[in-house]
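Summary of the model geometry
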Amino acid sequence: MTTTTDILTLAAAGGIEPGAGLTMLVPVLTLLGTLLCGLCAAFKVKSKLPAWLSVACLAGSFVAIAATYADLGHQQRLAHGFEWINFSYTGTDGQPVTFKANFAFYIDSLTLLWMLFVTGLATLIALYASEYMSHDQGTGYCRFFAAFNLFVFSMACLVMGDNLLLLYLGWEGVGLCSYLLIGYFYTRPSAVAAAKKAFIMNRIGDLGLALGIMLTFVHFGSVEYAVIFEKARPYIDALKAGHLDEIPLVASFIPILLMIGAFGKSAQLPLYVWLPDAMEGPTPVSALIHAATMVTAGVYLIARTYPLFLLSDVALPIVGWVGASTALLAATIGMAQFDIKRIMAYSTVSQLGYMFAGLAVLSPVGGASHVFTHAFFKAMLFLSCGAVMHGFAGQLDLRKLSGLFRMPGWKVVSVAMLVGCLNLAGFPLITAGYWSKDIILAEAFVNMPGVGWVLLITAGLTAYYTFRVFFRVFMGPTHYEPGDEVHGHDAHGHGDAHGHDHGHAHHDDPHGHGPAVTATAHDPHAGHDFHPHAPGWAINTVLAVLALASFAIVPLMLTGEHHGWAGGMVEHSSAAYHTVGTSGYLEAAHGHGPHDHGHTHGHDHDHDHGQAHGTFLGMDPHKVMYYVSGVVGLLGIAAAFWLHLAGRTSAASSRADALVPAMGPLAGWARGKWFVDEFYDALIVKPLWVISHIFHVIDTLIVDGLVNLVGWVPRALGGVLRPSQSGQLHGYAAGMAGGLALLLIIVLWVTLR
Amino acid sequence: MIERLAFLWPEIALFITTCVVMVVGLSRSTGVRRLSALITAVGLAAALVLAVATTPKAGQFAPADGQTLFPDLPVFAKTLFAAVGLLLLPLLVGTVDRDDEREIAAGRRAFDPLRSNRAEFYAFYLFSLTGLMLCASASDLVWLFLALELTSLPTYVMVAISSRRHRAQEAAVKYFFLGALGAACFLMGFAFIYGGTGTTRLNVIADVFAASGINPIALAGLVLAVVGLAFKIAAVPMHFYTPDVYQGASPSVAGMLAFVPKAAGFVSLILVLGTVGWTHGPGGESGHSLPESLRVILWVMAALTMTVGNVLALLQSSVRRVLAYSSVAHSGYMLVALVAGPGDGSAASNGLAAVLFYLLAYGVMNLGAFAVLASLVRRNPKDGSADEIDSFDDLRGLCATRPFHGWTLVVCALSLLGFPPLLGFFAKVPLFTSGIAAGEYTLVVILGLNSAIAAFYYLRLVQMPLLEKPDPTTPVPEPVGVPSRTAAGLLSAAGAVVLIAVAGSLFDQAHRASRDPRTVAPARDAAGEPPAAPPIAARPE
Amino acid sequence: MTTALAATDLGSYLPIFLIVMMAITFAAINIGASLLLGPRRPGETKGGTYESGMNPVGTARKRFNVRFYLIAMTFLVFDVEIIFLFPWAATFSNLEPMGENAAVWLARIGFFLFTTVVMYVYGVRKGVFKFD
């Protein structure tokens, strides 16, 4: 543990209390990274220096977190940074109210779980990006890594902050970094549009979160978790005793508002549409921010404030149904897309739906475990897609790539992709994704069987579309066409238009000879002159590490008494607050405690709230779900194999094309992403546009007039006063004396009145 | 008597430094002459350390030995003055004698002590700061008057020698005569206060007021003193000199003028009004207010000062005049908190703490704006002569052409505007909260309106460097050759950002510094220290 | 410490009144006596500004060398110093020789003299006393 000791000495030298200092190193190091990358930009560094600086800072952060975990285990600690905001005022009832928000970290196992994979993955992905972004060395490279570090800083504030305000700071910070990085190729209109879309969509959610935080402060008088949870305890006790009506209505609004924030950040219905477009950003960004970490912030928020979510009897059911619907909807869209990165984006939306459903069915363990496993395999999937895109000049259309597995230099990528797909599809027993998904499914059938069924169907669809990508791109006959960025840009420049074009074009042309194929014939760079370049050591290393890691966490999923290691981390945090100290209350309130799943389940079936304990076709979900979900996953893979690999001779077409006409308009709708974007456009954007034009007229005529008047008044006043500043000494002296005389008269008047 | 020395160590350090600088600055050797700025810095640093380390705090001295109205004020104020003084120094470097020294270095001229102003410049700066610190520990009206004059007199000369242009001399003469008028006004006020109470000791005056009320003579004295002190803070109706003097003086000295006399004026106002206390009037439910007549004139002054400063700033094309008028407006903002007074013991209602904290913030962020003006010149392409930049057009595209200066100006202007989350915002919030706590709703509304008007011209200071493209037909402003001024500006901008982190604790310090044992019951002391002073009845005379 | 002014006790102003009266009387007697007793022989020389010595030449509103002001100011400083030194010296001898008050008083005048010395050194270096 020499590293730890060194850091401890460093912390002690800085006057920080050891322990507190270790976690405080994360914001310090990442801010330092941001600053150094900024300096690199200022000094126009043209080498890979910013990448190495970033990797060093992020690795340092990871080590600090790991050391804290080794030190702390499942204990909790408050690490105080500095006093940030602290002021008091007299409330409406005459009592002093203090608003306190320190820059302090609340470290418990939930925090550590999140930070471990955030910093770990960030380190790996920064390493990957050092190669991936190398075509852009210069200020763009520095900008990328500066924002990258700033993102990890914001994420650290979000996850580790001991109060909701610091969480909000981090929440907005990651939103900002996401915006900056989606719009990284700011010369491309589609990237700019996607960045704006993400930002604006998130604003809607953030409004909910902000209102939720304000309401929390108004109701509980604090934004600090420790205080809030303590004040919420009587309510939980009331809940435990079955007196749901003792909880004030105001308190039950808090989770609903927080939930809206979570929906925005984690791309759930109805706010999910920004995430697929966010793929305009460089792939490492998609992997880290829009797949593994930032989008799970909503899950974190709900897990962290889980005690509050118990206060409302509608919040969790809403979360469950929204999550399940999102999962199904995104999966159906994913089945019909051709852009592999976009398919991965929809799969992210879908898997986030799983996580929310997991939280909703009283299984924060399942939700958080799935976050944990998903972070690994989804990052891997994205990085693999990125490697393909990097190598094939921005080509992402699965109809134009085939059989990469047999091409020299693409073995690591293919294997990594296979491992990722197996995880995502929930291949039984050997994949971590299978185990974490299973917890959610089982718990869903116990608590909300409807949600369970939706999720089960989704699991099958997921397996199908995942392996559709794998079988089309990596297996079958070798064939490729380069993308339109022949110089190796991270381009995918067709972006948003791409999806739409194919969505409509192929509706008329079921044989798959889309306009893209025709277009390449005219492309001077296309065809056999093109030589894809296989990924280099950095990309291969990162992919290999991630592939190994995703297997290495399988044993972690199976050890311990709380659904493995990740589950244990959740069980010892506020996400399981309802079971700590008020043991057994959940059995009374909801009929089932997450920690007894698989062990003691079935001993206790009397439910106060009247919801029947669900079963799976009359069987105990906890026992049969292992088999059912495994079978469903295998079925999906088999379908994909039959439709997309068996007997396929070209890259462009497959047996599935024959099915398209049979499905009628459904296939077209799915390709068109159920026309949600168009729906929003017609329902919200267009009316707003009309209203804004009406207001513009009112604005120019009336408001501007008023504003100009307001602006004119001070100027006119100034014009009146201006002659007083004549520059004449005696004039000034007279002015002073006159002013004094006037003031004396005022005093006289006031005294004699 | 000798115990009073404990209050004076920082001043003594400054005085000794002054003596050394006066002699060193006139040395025949160029190298030795160059040391004067460094010696000044060392003296200021020593004063800073001494101010923190030796100034007695509440409970560490008997009431007869020192200033007892606000027992913790000296330590806060002196530390603040020494720190801002240290920050101002790099801005002032190179103000005088630069051309002469260049000629001497080139061997074209011999050193002529009568022509050299370096020794006087630094010595007067130190004198002025000495006076400023003496204001903070004044326990007596005579002391206060002498301290105020020690602060002001050197600044008149500094204005005169800051530039070889006639405008500087004109400004100095105006400043001197009008300053004398102001000084006469508050000296007369002090005399009337003495006439009405029979003493010049501030705490005894407070006892007399508490015991037998404020008689008309003393009231007239208080009004005259307040209006006279308004000259120091550039408040209406004593504000007329501000734009002419700020524009006439070199920008570096103008930067100093925006802080030093203002700080002296506000500290003196707090002390003078402290004798009356904020425990009189009908002010709100807590009964915390000045006597009605004083409240009314301060109210009128605050409202007029803000408004006049801001509306006149709107019309200016000279950046320095804008900053001068905005300096008037900032005094108006602070007067709002002065009307509000120390409040009910909570930090948010404490207007005096708001004033002290605002002085700190204003001192830090205003310096940056002047530093940018002081560190750039525009060279005339025809004859090669260099002019100080002064118009808005000179700032066009500065962020692109001179990034350090441009961004310094952007950050400082935004902070002066009170743009969250910069320091100026955190300084402005207490002004509002204290005004609201005191029930001065109308005044707070005027304050809000004026902050909006100020946005017009401050945003121009942001827009010009940041958003406008540099004019290709005019030459880019050149650095003036004094890198320390750029550094002062950067420090100021950094301060406007970094100090946010410690704004809370700094405000707590200001809150503690403005604690008046008379108005706040010891039980309410947040710090849990023993009561700072015995009750009024037990205080020895 | 007395906190009330003895404004009504006019008796304390009697010495001042007497001095003023004596001054007026002295001046009046002198002017009156010279008017009454002096011989009167008006003429060119007698009507001049200075009866003896040189005749005044040119206007009085001429510019003086700036050194005169420097000398005048230096003189003023020493003059003020003497004004302070006399009463100090007169009082100091009455203090208890080795008492605490004596030390404080000595330190005070020492400080005051020190400032004068600094002023003098400054003046010398500035070249105030160079007449070339």
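Residues numbered from 1 in each chain as written. Chains lettered and ligands numbered in written order. Predicted model: local features only at pLDDT ≥ 70, side-chain atom pairs only at ≥ 80, totals over all residues. Heavy atoms only, no water.

**As for the side chain of S375(B)**
In this structure, S375(B) sits in helix α15 (residues 351–375). Assessed through its relative accessible area of 1%, S375(B) is described here as buried. (Helix = DSSP H or I, 4+ residues; strand = E, 2+ residues; numbered from the N terminus. Buried < 20%, exposed > 50% of the residue type's maximum accessible area, 1.4 Å probe, protein only.)

**What to know about the interface of chain B and chain C**
The interface is formed by 18 residues belonging to chain B together with 18 residues belonging to chain C. Across the chain B-chain C interface, the total number found is one salt bridge. Between E120(B) and K126(C) there is a salt bridge; the shortest N-O distance is 2.6 Å. Counting every contact that joins chain B to chain C gives four residue pairs in polar contact (both at pLDDT 80 or more). Grouping the amino acids of the side of chain B that touches chain C by side-chain chemistry returns nine nonpolar, six polar and three charged. (Contact = heavy atoms within 4.5 Å. Salt bridge = Lys/Arg side-chain N within 4 Å of Asp/Glu carboxyl O. Polar contact = N/O pair within 3.5 Å; in protein donor to acceptor, adjacent residues only side chain to side chain. Nonpolar A, V, L, I, M, F, W, Y, C, P; charged D, E, K, R; others polar.)

**A few points about the side chain of N540(A)**
All names here are of chain A. Considering the arrangement of structural elements, one finds N540 in helix α22 (residues 537–558). On the basis of relative accessibility, which here comes to 19%, the residue N540 falls in the buried class. Dropping the residues within four chain positions of it, N540 is found in contact with V412, V413 and P535.

**With respect to the interface of chain B and chain A**
Taken together, the contacts link 39 residues of chain B with 29 residues of chain A. Of the roughly 2,900 Å² buried between chain B and chain A on both sides combined, carbon and sulfur atoms contribute 77%. When residues of chain B are sorted by the area they lose upon contact with chain A, L178(B), F240(B) and L315(B) head the list and together hold 21% of the total. Linking chain B to chain A there are zero salt bridges. Counting across the chain B and chain A interface gives three residue pairs in polar contact (both at pLDDT 80 or more). Looking at the side of chain B that touches chain A, the elements that each hand over two or more residues are α7 (166–197), α9 (216–233), α10 (241–248), α13 (292–314), α14 (319–340) and α19 (441–466) of chain B. Residue contributions to the side of chain B that touches chain A peak at 11 residues, all from α13(B). Looking at the side of chain B that touches chain A residue by residue, the class counts come to 28 nonpolar, four polar and seven charged. (Buried area = accessible area lost by both parts, 1.4 Å probe.)

**Things to note about the nonpolar core**
Core analysis: the biggest nonpolar cluster contains 198 residues, and W114(A) and L121(A) have the highest contact counts within it. Those residues in contact with W114(A) that lie beyond four places of it in its chain are M155(A), V159(A), T296(A), V299(A), Y300(A), A368(A) and V371(A). (Core = buried A, V, L, I, M, F, W, Y, C linked by side-chain atoms within 4.5 Å.)

Function cannot be read off these values alone, since they describe shape.
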